[in-house]
Amino acid sequence: MDYLDPNFVGLRTENAMYRFFGRNAFGSVVGMTIHLFEDGADAQAQAAAWGTWLNGLFA
């Protein structure tokens, strides 16, 4: 765990940093960002994989 409060979760791994923003507390949607630090990381493939997983959670 990198950072945690009631409206924010930050996770840091060896190759990435994941941020979840609880904007729902302010009437908006939950947001997420991913920062990839791995050489040759395929951002589009990662975005597609996360999108598929997140859409499956809320389907």
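Preceding block: the structure.
Thresholds, definitions, all that
Residues numbered from 1 in each chain as written. Predicted model: local features only at pLDDT ≥ 70, side-chain atom pairs only at ≥ 80, totals over all residues. Heavy atoms only, no water. Salt bridge = Lys/Arg side-chain N within 4 Å of Asp/Glu carboxyl O. Helix = DSSP H or I, 4+ residues; strand = E, 2+ residues; numbered from the N terminus. Buried < 20%, exposed > 50% of the residue type's maximum accessible area, 1.4 Å probe, protein only. Phe/Tyr/Trp six-rings, centres within 6.5 Å; stacked < 30°, edge-to-face > 60°. Pairing = 2+ DSSP bridges. Axes fitted to C-alpha atoms, helices over the stretch in contact; angles between N-to-C directions. Contact = heavy atoms within 4.5 Å.

Student: If you had to explain the pattern of salt bridges to someone new, which residues and values would you point to?
Tutor: Applying the stated criterion to the full structure yields 1 salt bridge. One salt bridge in this structure joins arginine 19 and aspartate 2, with 2.5 Å as the shortest N-O distance. With arginine 19 in strand S3 (residues 16-21) and aspartate 2 in the segment before strand S1 (3-5), the pair connects residues that are 17 residues apart, well separated along the chain. Look at aspartate 2 and you get partly exposed, because its relative accessible area is 40%.

Student: How would you sum up the packing of aromatic side chains? Please name residues and give values.
Tutor: As enumerated under the stated definition, the model contains 4 aromatic pairs in all. Taken together, a centroid distance of 5.4 Å and an interplanar angle of 45 degrees make the contact between tyrosine 18 and tryptophan 50 tilted. With tyrosine 18 in strand S3 and tryptophan 50 in helix H1 (residues 43-57), the pair connects residues that are 32 residues apart, well separated along the chain. Owing to a relative accessible area of 17%, tyrosine 18 belongs among the buried residues under this scheme. On the basis of relative accessibility, which here comes to 22%, the residue tryptophan 50 falls in the partly exposed class. Clustering of aromatic rings is evident, with ring pairs tying together Tyr3, Phe8 and Phe21.

Student: Account for the sheet that holds strand S4 (residues 31-36), with residues named and values stated.
Tutor: An order of S1-S2-S3-S4 is seen for the 4 strands of this open sheet, with the pairing classed as antiparallel. Of all the strands in the sheet, the pair left with one neighbour each is S1 and S4. On average, adjacent strands in this sheet sit at an angle of 10 degrees to one another, irrespective of strand direction. Sheet analysis places strand S2 (residues 8-12) next to S3, joined by 5 bridges and oriented antiparallel. Residue phenylalanine 8 lies in a different strand from S3, and its bridge partner there is phenylalanine 21. Running over the sheet, H1 touches S3 and S4 and is turned about 150 degrees from S4.

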